Structures are given as structure tokens and as C-alpha cells.
Amino acid sequence: MVLAARSNRASYALLAGPAIVIYGLVIVVPVLYSLVLSFTDWAGMGVPNFVGFTNYVVMFSDPIFWWGLRNNGLVVLVSLIGQIPLGFFLAYVIYRRLVRHSGFFEAVIFFPALMSPVVVALLFGVVFAPSGLVAEMIGRATGNPMFSLTIFNTKNTAIIPYLIVLLWMYTGIYFIIFLANLQKTSPEMLEAAVLDGASEWNILKSLIVPQQIPVFLTSAIYAVAGSLKSFEILWIMTNGGPSYYSNVLGLYMIQNTFSFYKYGFGSAIAIVVILLSVFMILILSSIAARFSRRFEQGAT
Amino acid sequence: MNSPLGKTFPLGRLACRVSTMAVAAALSFGSTALAYADVTLSAIVPYTKIDPDYGRLQETYERFHAANPDITINFDYLDHDAYHNKMQALAISGNLPDVLTLWPGKRTGYLTNRGYAKDLRPFIQRDGVDKMLRPVFTQAQAPSGDVYEIGVPYVNFTNVVYVNRKLLDQLGLKYPATLEELMGQSKAIREAGYRPAVFGDQSNWVLQSCLLSVLVGRLGTPEWFANALAGKDGAGFTDPPFVNALQKIRDMVDAGFIDVSEPSTTREQALSTFVSGRSVYLIGGIWEVVNLTSALPADMKDAVEMHPLPAVAGAALAGVDSSSGQPATGFGMSAKLDDDKAEAAWKWIKFNLDPSNKDIDVKYGMLPIYTSDVGISDMLTDPLAKSSYAFSSSIKDVLPVLDDRLDAEGVTQVINAGLQELVLGSVTPQDLAAKYEAWVAANDSNRKAK
Amino acid sequence: MADHEWKSGRARVPLPFTIVSYVVLAFFTVFTLFPLIWLGYTSFKPEQEIVANMVALPVNWTVRNYVQAWQLGEFGHLFVNSLIFCVVTTVVVVLLSLSAAFAFTKIPSRWTRLWFSFIGLGLLVTISSSIVPLFIAANYLGLTNTYLGILIPYVAFNISFAVYLAASFVRSIPNEVIEAAKIDGANYLQVYRLIVLPMSRPIITTIAIFTFHACWVEYVLVYMMSSDSSIRTVQVGLSLLKGQLSFNFGFLFAAVVIASLPLLILYLAFRKHLQTGFSLGALKG
């Protein structure tokens, strides 16, 4: 028995060990190392000087940080009130075959999620440029060859083209998630509702939506986790401009670290980004847990 | 083709034989390495293969390697931003290539200020290279007087006004004598359905490098600029020359000369607007000649003229024979090269500025200037190349480019980003100047050096 | 299939509902198809025509952009590198994730909860958000500019999700099958090799396709870790075509098409697996 237990432990270590070790070394160790560096003024070479919380103080008093945070917030909002509801709606439409050619639409909605961020950024960089595709089309339509698209040039609107691209690109993921879950719905139940004379609206409101609430909640967590992390598209599309108006925290981190050799400062931003996303996810998870408990109680 | 600067390859060849063989073997050139004691150098250049400089480098290297079969250089190509990121990383990890591409100013200060590059003065003096070059190319690149790089003797002028002459004539306008007249043309140009000027400031250094620098250089005296850099005699960036330069830019926006879409227009789009005949002026560096040459339709090549910026009212430099600029990037070498490698690298550096290779430079639109006339203007057939050479030769005062003299962080984060805000009207010239002066006072290495 | 039965009895669909459906679908159709079609024909347009009119169809169709893009962009070796990174990562991730999932679900241990949630944390961290720490660490270890410097992070960043996917599948393998093998004298390693791996083929395909896709479109890590063009990938090569002081829309677009074709093929061939991967993604909780 003892021997068996020992051999079990050895097998466990052999089977699970490699994944845990490689994961821990690559993901956890560098983050801890950065945490240490974030309290220094290390410039990439020489000996780092310990500077306490200076980097954090500087960051929190930098308007670009707060503006980046604001833009990150908008990215979260686009996921929560844009991608997820739209993804659900589209999944429902396709699932219930409310339109023709559902196979075609499925492809059109899902394919963008697979495209590479670099391609999307290069493409839509040209589409939304002041003298880009959209501007040229408006210009030709209105007979004004000088037309230039400047509505995205103000501080408040600079992030909008990026948000549109995100909405278009990633709604497909939530669409697929909801579609998969809708397909688990029991057909008999729907059949019965239809026979009872329920309208499509009633079916959606009373049957489908309550059933999908857990999926909405997990999707929301997924969205929040994703929103702080990606900036590749923005990097190539606008590089944070005009000025810093379309900056997000991830890009702010890259620019500070690699353009100005402020490794200590960049590390501090990295730590804040990671903490922020962990914090938001903890909050969302606890909300989700409470919700689903209430939902289960209500259902029984 | 022989290198006219002579072949000298002295000093402990034997000593390096072992190490170069090891390198060669590691690169799996095994058997050939045994036959020749080749020197193999590594190099990284800050442009990719779509850049015209790539072709120039290839031809120059082919000729070099034919003349020096014992020296092999392995090049790697990176775009400009990636280059700086990588060089910095390589410096930290001790893996710098043997041959470095360096800027004469601060841009590669992260290497030159920290002792990663070798001082070339012993080589320059030994071979008398300085005698054939204008002084601007061998002037000190550090307070110590060190010279870390020399390239093709060519000034990268950052302010050139490209004019679509056809369009200008069609509108019944003339190239103006003053900046105020230039701005005054905007209304007529816009009414005719054209854009007055394009810059392409999305990557945000363009307005600073190609416009603000020349304005600051003309409005202030060189003494004032030197003092403002060092923070001496109470000079600084809140002084009238700097504030007025910013104000001029704001005026150009108000006059409709600078379009408010500039902060999100890429250089590619700006060029495309100019080339397709939708804007009268393109303001940019002399490097646009190469792009224009490849993008201009044949019938427009004769129509493009190059001018310095018109005279600026209230300027310390009243004339128009000045532009901002800096000597082109050139090659330097890693500080840790041993004698043999250093000699090989120096051979390559010297080869690049040799007048006998001017045909390659000219072919790729880089028109070198030497102390004596080496007959370049006779070689030019392309109208744009002729204008470009005429422009370069006509400029008497080479004014400093801000991001060449001041720390990148301040210029990028405060000036470049601030200029975009200035164009969009969310900051005043006074506030921007005050913000920058505060940054410089607190952080800039020029002030700290004091 | 069951879902065909109820469809016949369709409920009344309110008109506004239908209108909204079509409007939203139209948005996606236009946004997806129009830029792609535009990209397609523009890539066959000579540079001067693009500059003169961005929208128009080409007058003189040309493949010169493609020839130039392929040669100057060096897509031949970029493709090879992308393939190396993607294939090696995929194989390693499949093997490690399944073995870990097997240990977590079928070998009783009080550590499982801890390790499983430890690995689950990885779902929250991406390459982008930890690129600064990664870069600093890789530099310290001399791993920048090496294949290993890319492969190790690729495996690590894909393993969390793969373990999650694999665990959900391996859990459903009946314990009796494993017990029977154990009684026959097999140890856990043999069970993994002889029973779990063969039985997990469906989830292996999903994990493999999903990991491959994630690696193929990744950009930030390779961009930061490679100064040496010999280890760059398609995505990085593509981003570098947007030259600093020179430009050319024509071959940029041609290069975009070249770089996107593999994804289109991947989509057409493995649509179902990609969808499964993404749909399981949100259930991780």
C-alpha cells in the first residue's frame, strides 16, 4: 500500500510536473522579478537603485496613465454591453434559424476572431485614416475630394475606431460560445412553448435568457480578463495617437519600457496591469457566484 | 574594383586566426575557413529590405567584398524602432554586433554614452579621412571629443518644402518669400479644392523634426540654443524663440495651412496625397526624394521642386539658406573589437565614405558632399536628384534637430505628443513650452551635464 | 438531428426582431467582406493606381506586388519559422497538457486543487501583459534571439487553457477503464500512453488546432525577442513591411494576403474544432 502510494505520487509528479514547472518558471518567476524591479530605477544596464514607491507615485500622477485606464475601461464596456449581448443575439438568431443562409452568416461573424491582430490593424489603419478608405468613399459620395475624416481626432473620440474594430473582431467569440450553449437547450421545451403559442419574443425572454445567465457571467469574466491584456491592434493602428488620446495601459507600458529604457517604471506598470486584472476578475467572480447561487435557489 | 584608399591589413593576423576560425566554424563554413583566415563581422542596420538603403548597402558591400575577399560581413535588417529596442537589449546582454549603425546625435546615446562604441579618431587621423570631409562630419559626438561614427558624407536635412509646381501654377500662385505669405495661400488653395500641405504626423516626430526644429533654429541664435540646452544664463525653453516657434505652428493651423487631420495621417498617406496631386506642398525630410522618385508618375517628376522654408518674420536668421538637419547615420564599431576585427570594420567604414563609390550612393538617391567637387552634379540625370543635390549644396546653416540634441523621452512624450495637441487646439504654445522646460530642467541629460 | 424537429413549428417572429437581426448581420457582413474584397483586388493594383484612387478596381491587373512582397518580405523563411514555432509548441502543449490533465483528474492527490487553480491563473495572464517581465528575464538568461526563447513562453502561455480543455475531457473517461488496466498491472505512465492518449483523440485535435492558431497569430513576443531576422515569423515580417522612411501600399497588401491565406485554410478545414475550442473557453469560470 505504501509502495503503491509512493508510485502514485511519482507518477503524479512525472505527469503533472512538466506542465507546472514550465508554467511556473515562465509566468510566475518573471512577474515576481518585475515586482522587485518595479521598486528600482533600473535602466536596463548597471546596478538598479532602490527607489521605493517612486515609480508608482510617478505613474499615478501621470495623466496618460489615467487616460489609458479610461480607454481600457471603454474596452471593457464594449465587451460587456457590445460584444456579449450582440454575440448572444446573433447566436440566438442563427440557432433559431430566424434568417436564411445561417451558414454564411456564421462564417462572417466568426472568421474575424481568427484573423491575426497584425493584419486587422494594418487593414483598419488604412480604413479609418483621415484620407483612408472611409474618407475616400465619403469624399467621392459627397463630391468633396478634400474630405478628411477628422472626427476621430479629438481626445474623446480617438479610441472609437479601435472600439469598432474590437466589436467586429471579437463578437464572434461570444457568438460561438452562446451558440454552443444554446445547442444544449432541450428542443422539446421549445417545441412545447411554440405549441402553446408563445411568441419568439416570449421564448427569448422567458426561456432562453434565464437559462443562459451563467454563460453571460462567465463571458463577462472572460471579457474583463481579455480587455486589459491586448493592445497589439492599437499598437500598429494608432500607436496611441493622436498625442496620447487612444493610449491604453498595455501600450503605455511598452512605450515607457522599450522607448525610454525605463525598465523599473515599465515593471511597475506591468505589476499594476496584472493586479488590476486580477482584482477585477475577483470582483466579477464573486458577483457571478452570488448570482448563480440566487439563480439556482430561484430555479428550485 | 579596387578600394582606392588602399589596402592595409596589418597587425597580429595570426592572433586572430584562431578566433575567426572558431566563428567561421560555428557558422558552419568549416572547410573554407581552413583555407583563408577570414574576418567575419556582424552588423545590424536600421532599415528593412523594402528600404532603398537596402539596395545601396547590398551594392556597396558587393563591391567591398570583391575588393576585400578576406572580410565577410553578415548583415541583419531591422526597422527603425525595432533597431533601437534590439540594440539596447543586445548591449545589456553583451551581444552587440561588431559593426554598429550609429546616429551622430543623441539617438544612439544609449550606446555611445555608455562606452559601447569605439572612438574612431585614431583611425580618422591616421588615414587623413577628415581632410576630404566637411567639418560637420567629423565634429565631436561627445563632450570628450570622441567620434563614434562616420557614414556617407551626407546631411539628412529634415526640413524641405516639396512643391507641386504644376498645381501652384494652375492656381496662379508663386513660391512665397515669407512664411506669412505661405500661410496666406492656404485659403485660395482650399477654395480650389486642394490641400495646402501634408506632413504625415501620425508617428508624431514629423512636426517636431521637420518643422519645429527649423523654426526654433531660425528664431533663436545658436548661442541661445546652446544656453537653453545647458540651462545657462537663464536661457530655457520658455524663451521667446521657442514659444514663438510653437506659436507659428499654431498660426499655420489657424491659417488652414496645417490640416487638423495631421496627427492621425501617416507619412504613407501624406506622400500619397502629394503624389496624387491633391496637395500643393509636402513638408518633410530630404529622404522623401527617394520615396517620391519611386511613387511619382513620370509626368510629375519635372513638376516637383524643392525649396527651403520661406523667411520667417522676426527670425535671428533672416535668410532662407538654412534648414534643420544632421549628418546621416553612419557606421561605428563595438568597443570590444580586437585589433584585427577593428581594422576590418574600419576598412568597411572608410569604404562607405570613399568618393569612388559615389556612383552607388547617387544611384540610390544619397548625394554625398565632399570638401572638393567630385563631379556629382554631372552624374545626375533625374530632375529630382538634381534638385536634391542643388538643395543640399545651397544650404549654408545646418540647424539642430531637436530630437537629435535633447533626450528622446522628453522630446517624444512632451514635444511630439504636445505638438499634436497644439494642432488639435488642446494646449497653448505657452503651456507646452512651460511643460517642456519643466521636463528638461528636471530630467534632461544636457542640463545634468552642467 | 433533434433540432430539425422543432424548427418546423416556428413561433411568430415580431417584425422589429427580424429587422434588427438583418441590420446587425448586415454590419458584420459589410465589415468582414468589404475590407477583405477591397484588400484582395487592391493587392493586384499597381502602386500608382492605388495612390491615385484607393477605391477603384485595378485598371492594369498585376502580380508584381506579390512577387515583390514574397521576395523582399522573405516570406519563404518566415513561413518556415512560423511553422516551426507552431508545430513544436502544439506537440509539446498537447503532450504536457494531457498528461497533467490525466494526473489531475485520475490520480487522487490532495495537491490537485492547488495545482489546478495555480495553472488556472495562467488564463488571466497573456504574453502582452507580461512582455516586460518576460523580456527582462529572457535577457538575463540570454534567451533573446533564440528559438528556445520563443518556444518556452509559447508552451507556457498555451498550457493553462490546454490543461483546462484536456481535463474536461479526460474526466469523462470512465474510471473503470483505468482501474481495469491498473489491475492488469499497468502503471499510470503506461495507462497514459496506452489508454488516455488514444482515447483523447477528439480533444487532442481541438487543443492542437487551437494552440496552432494562437501561435500563428501571436506577434508581440516574437517582435520583442527577435532582433535576428532568422527567427522572425510571418506576423512580425508583416508588421516590419510598414517601413519607416519608405512606403508601398501595393506590396503591403499583397503581403497581408499571403500571410492570411494559411488562416483561411485553417478555418475552412477545421472550423468545427476552432469553434469548440473557443466555445469551451468561456466555461472555464
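Residues numbered from 1 in each chain as written. Chains lettered and ligands numbered in written order. Predicted model: local features only at pLDDT ≥ 70, side-chain atom pairs only at ≥ 80, totals over all residues. Heavy atoms only, no water.

Trainee: What exactly am I supposed to notice about the overall build of chain A here?
Mentor: The helix and strand inventory of chain A stands at 12 helices and 0 strands. Starting at the N terminus and walking to the C terminus, you meet the elements of chain A as α-α-α-α-α-α-α-α-α-α-α-α. In terms of overall size, chain A is more extended than a compact globule, its C-alpha atoms giving a radius of gyration of 24 Å where 300 residues would be expected to give roughly 19 Å. Its C-alpha atoms give chain A principal-axis dimensions of roughly 85 × 75 × 30 Å. A total of 300 residues make up chain A; the buried ones form 59% of that total. Summed over all atoms, the accessible surface of chain A reaches about 11,800 Å², with 70% contributed by carbon and sulfur. (Helix = DSSP H or I, 4+ residues; strand = E, 2+ residues; numbered from the N terminus. Rg over C-alpha atoms; globule rule 2.2 N^0.38 Å. Buried < 20%, exposed > 50% of the residue type's maximum accessible area, 1.4 Å probe, protein only. Areas by Shrake-Rupley, 256 points an atom, 1.4 Å probe, with all protein chains shown as cover.)

Trainee: I would appreciate a short explanation of the interface of chain C and chain B in the present structure.
Mentor: Many analyses report the size of an interface as the accessible area lost when the parts associate. On the side of chain B, 33 residues touch chain C, which itself brings 25 residues to the contact. Of the roughly 2,600 Å² buried between chain C and chain B on both sides combined, carbon and sulfur atoms contribute 56%. For the interface between chain C and chain B, the tally reads 0 salt bridges. Inspection of the chain C/chain B interface yields 2 residue pairs in polar contact (both at pLDDT 80 or more). (Contact = heavy atoms within 4.5 Å. Buried area = accessible area lost by both parts, 1.4 Å probe. Salt bridge = Lys/Arg side-chain N within 4 Å of Asp/Glu carboxyl O. Polar contact = N/O pair within 3.5 Å; in protein donor to acceptor, adjacent residues only side chain to side chain.)

Trainee: Help me understand the interface of chain C and chain A, please; the structure alone is not making it clear to me.
Mentor: Listed as interface residues are 102 residues of chain C and, on the opposing side, 102 residues of chain A. Summing both partners gives a buried area of about 9,100 Å² for chain C against chain A, and 79% of it is carried by carbon and sulfur. Our count for the contact surface shared by chain C and chain A stands at 1 salt bridge. Between C:Arg271 and A:Glu106 there is a salt bridge, and its shortest N-O distance comes to 3.4 Å. At the boundary of chain C and chain A, one finds 10 residue pairs in polar contact (both at pLDDT 80 or more). When residues of the side of chain C that touches chain A are assigned to their parent elements, the largest contribution, 17 residues, is made by helix 2 (residues 15-42) of chain C.

Trainee: Honestly, the pairing of strand 5 (residues 160-164) of chain B in this entry has me stumped. Any pointers?
Mentor: Moving residue by residue along a regular strand, the side chains alternate between the two faces of the sheet. All names here are of chain B. With respect to burial, strand 5 is a largely interior element, 5 of its 5 residues being buried. Two strands pair when backbone bridges link them, and strand 5 and strand 7 (residues 279-284) are joined in this way by 4 bridges, in the antiparallel orientation. Bridge pairing links Val 160 to Gly 284 in strand 7. Sheet topology places strand 5 next to strand 8 (residues 304-307); 4 bridges connect them, and they run antiparallel. If you follow Tyr 162 over to strand 8, its bridge partner there is Met 306. (Pairing = 2+ DSSP bridges.)

Trainee: I tried to follow the packing of helix 9 (residues 206-219) of chain B against helix 19 (residues 408-424) of chain B on my own but got confused; where do I start?
Mentor: A packed helix pair is summarised by two numbers, namely the angle formed by the two axes and the spacing between the axes. Residues and elements named next belong to chain B. At a minimum axis distance of 9 Å, the contact between helix 9 and helix 19 shows a crossing angle of 80°. One element, helix 9, and the other, helix 19, form an angle in the roughly perpendicular class. Taken together, the residues of helix 19 that come into contact with helix 9 (itself represented by Leu 207, Gln 208 and Leu 212) are Val 411, Ile 415, Asn 416, Leu 419 and Val 423. Looking at the contact of helix 9 with helix 19 residue by residue, the classes come out as 6 nonpolar, 2 polar and no charged. (Axes fitted to C-alpha atoms, helices over the stretch in contact; angles between N-to-C directions. Parallel < 35°, antiparallel > 145°, perpendicular 65-115°, else oblique. Nonpolar A, V, L, I, M, F, W, Y, C, P; charged D, E, K, R; others polar.)

Trainee: I tried to follow the layout of surface pockets on my own but got confused; where do I start?
Mentor: It is a probe the size of a water molecule, rolled over the atoms, that shows where empty space is left. Roughly 1,300 Å³ of internal volume is contained in the largest pocket. Taken together, 41 residues form the lining of the largest pocket, with A:Phe260, A:Lys262, B:Glu409, B:Trp439 and B:Asn443 sitting closest to its centre. Elements represented by at least two residues in the lining of the largest pocket include exactly helix 2 (54-60), helix 3 (63-95), helix 11 (249-260) and helix 12 (263-299) of chain A together with helix 5 (109-112), helix 19, helix 20 (429-443) and helix 21 (445-449) of chain B. Of the residues contributing to the lining of the largest pocket, the split by class is 16 nonpolar, 14 polar and 11 charged. When we break the lining of the largest pocket down by domain, the ones giving at least three residues each are domain 1 (13-150 + 329-365) and domain 2 (157-325 + 394-449) of chain B. What lines the second largest pocket is a set of 38 residues, among which B:Ala140, B:Leu229, B:Asp404, B:Arg405 and B:Asn446 lie closest to the centre. Elements supplying a minimum of two residues to the lining of the second largest pocket: helix 5, helix 9, helix 10 (222-230), strand 9 (322-327), strand 11 (397-399), helix 18 (402-405) and helix 21 of chain B. If you tally residues by element for the lining of the second largest pocket, the top one is helix 10 of chain B, at 6 residues. Per-class residue counts for the lining of the second largest pocket are 20 nonpolar, 13 polar and 5 charged. (1 Å grid on protein atoms, 1.4 Å probe; cavity = no way out; pocket = protein on both sides within 12 Å on 5 of 7 lines; lining within 4 Å. Points joined across faces, edges and corners; volume = space filled by probe spheres on them. Domains from an automatic or database assignment.)

Trainee: Mind showing me how you'd approach the domain arrangement of chain C here?
Mentor: Residues and elements named next belong to chain C. Each domain of chain C was delimited in the assignment, giving domain 1 (3-66) and domain 2 (73-284). Its C-alpha centre places domain 1 at a distance of 31 Å from the equivalent point of domain 2. Tallying the contact residues gives 9 residues for domain 1 and 10 residues for domain 2. A combined buried area of about 880 Å² lies between domain 1 and domain 2, and 80% of that area is made up of carbon and sulfur atoms. On the domain 1 side of the contact with domain 2, Leu 39, Glu 47 and Tyr 66 bury the most area, a combined 52% of that side's loss. For the pair domain 1 and domain 2, the interface holds 0 residue pairs in polar contact (both at pLDDT 80 or more). Those elements giving two or more residues to the side of domain 1 that touches domain 2 turn out to be helix 2, helix 3 (47-52) and helix 4 (64-72). The biggest single contributor to the side of domain 1 that touches domain 2 is helix 2, with 3 residues. Of the residues contributing to the side of domain 1 that touches domain 2, the split by class is 5 nonpolar, 3 polar and 1 charged.

Trainee: Any chance you could explain the confidence of the model for chain C here in plain terms?
Mentor: Residues and elements named next belong to chain C. A residue-level look at chain C finds 91% of positions with pLDDT of 70 or above and a mean pLDDT of 82. Looking at the elements of chain C, mean pLDDT is at its lowest for helix 1 (residues 3-8), recorded as 40, and at its highest for helix 5 (residues 75-106), recorded as 91. Below a pLDDT of 50 lies the segment residues 1-9, which in the model reaches 11 contacts outside its immediate sequence neighbourhood of four places, other chains included. (pLDDT = per-residue confidence, 0-100.)

Trainee: How should helix 5 (residues 117-127) of chain A be read in this particular structure?
Mentor: Because each turn of an α-helix spans 3.6 residues, side chains separated by three or four positions end up pointing in the same direction. Of all the 11 residues making up helix 5 of chain A, 10 are buried; the element is thus mostly covered by neighbouring parts of the structure. Among all positions of helix 5 of chain A, only A:Pro117, A:Val118, A:Val119, A:Val120, A:Ala121, A:Leu122, A:Leu123, A:Phe124, A:Val126 and A:Val127 are buried.

Trainee: What am I meant to see in the nonpolar core here?
Mentor: General note: in soluble globular proteins, nonpolar side chains tend to be found buried as a group. In this structure, A:Phe124 and C:Phe75 are the most contacted members of the largest nonpolar core, which totals 230 residues. The element best represented in this core is helix 3 of chain A, accounting for 16 residues. Aside from chain neighbours lying at most four places away, what touches C:Phe75 is C:Ala69, C:Trp70, C:Val234, C:Leu238, C:Leu241, C:Ala255, C:Ile258 and C:Ala259. Counting 61 residues, the second-largest nonpolar core is a separate cluster that includes B:Val45, B:Val155, B:Val304 and B:Ala345. (Core = buried A, V, L, I, M, F, W, Y, C linked by side-chain atoms within 4.5 Å.)

Trainee: What's the story with the packing of helix 8 (residues 147-170) of chain C against helix 11 (residues 201-217) of chain C in this structure? I'm lost.
Mentor: All names here are of chain C. Interaxial distance between helix 8 and helix 11 falls to 10 Å at its minimum, and their mutual angle equals 155°. With respect to helix 11, the element helix 8 is oriented roughly antiparallel. Viewed along their axes, helix 8 and helix 11 form a crossing whose handedness is right-handed. Contact residues: Tyr 154, Asn 158, Phe 161, Ala 162, Leu 165, Ala 166 and Phe 169 in helix 8; Pro 202, Ile 203, Thr 206, Ile 207, Phe 210, Thr 211, Ala 214 and Cys 215 in helix 11. Partitioned by chemical class, the residues of the contact of helix 8 with helix 11 number 12 nonpolar, 3 polar and no charged. (Left-handed = near helix turned anticlockwise from the far one by under 90°.)

Trainee: Looking at this structure, I do not really get the environment of B:Leu182. What am I missing?
Mentor: All names here are of chain B. Within the secondary structure layout, Leu 182 lies in helix 8 (residues 179-191). On the basis of relative accessibility, which here comes to 1%, the residue Leu 182 falls in the buried class. Along the chain, Leu 182 and Asp 359 lie 177 residues apart, while their C-alpha atoms are 37 Å from each other. Setting aside residues no more than four positions away along its own chain, Leu 182 makes contact with Pro 176, Phe 257, Tyr 281 and Pro 310.

Trainee: What should I look at first to understand unusual backbone geometry in this one?
Mentor: Note: most peptide bonds trans; most residues except glycine with negative phi. Residues and elements named next belong to chain B. Of note, Asn 204 is a non-glycine position whose phi angle comes to about 65°, a positive value. Classification of Asn 204 by relative accessible area gives buried; the value is 14%. Despite not being glycine, Asp 233 has its phi angle at roughly 50°, a positive value. Checked against the element boundaries, Asp 233 lands in the loop between helix 10 and helix 11 (240-254).

Trainee: Would you explain the sheet that holds strand 11 of chain B in this entry?
Mentor: What links the strands of a sheet is backbone hydrogen bonding, and the strands pair in either a parallel or an antiparallel sense. All names here are of chain B. Strand order across the open sheet formed by 3 strands is 4-9-11, with mixed pairing between neighbours. A single partner strand is all that each edge strand has here, and the edge strands are strand 4 (155-157) and strand 11. Averaged over all neighbouring strand pairs, the angle between strand axes comes to 60°, with direction disregarded. Sheet topology places strand 9 next to strand 11; 3 bridges connect them, and they run parallel. When the bridges of strand 11 are listed, Ser 322 appears paired with Asp 397. Of the strands in this sheet, strand 9 and strand 11 touch helix 9, which is tilted by about 115° from strand 9.

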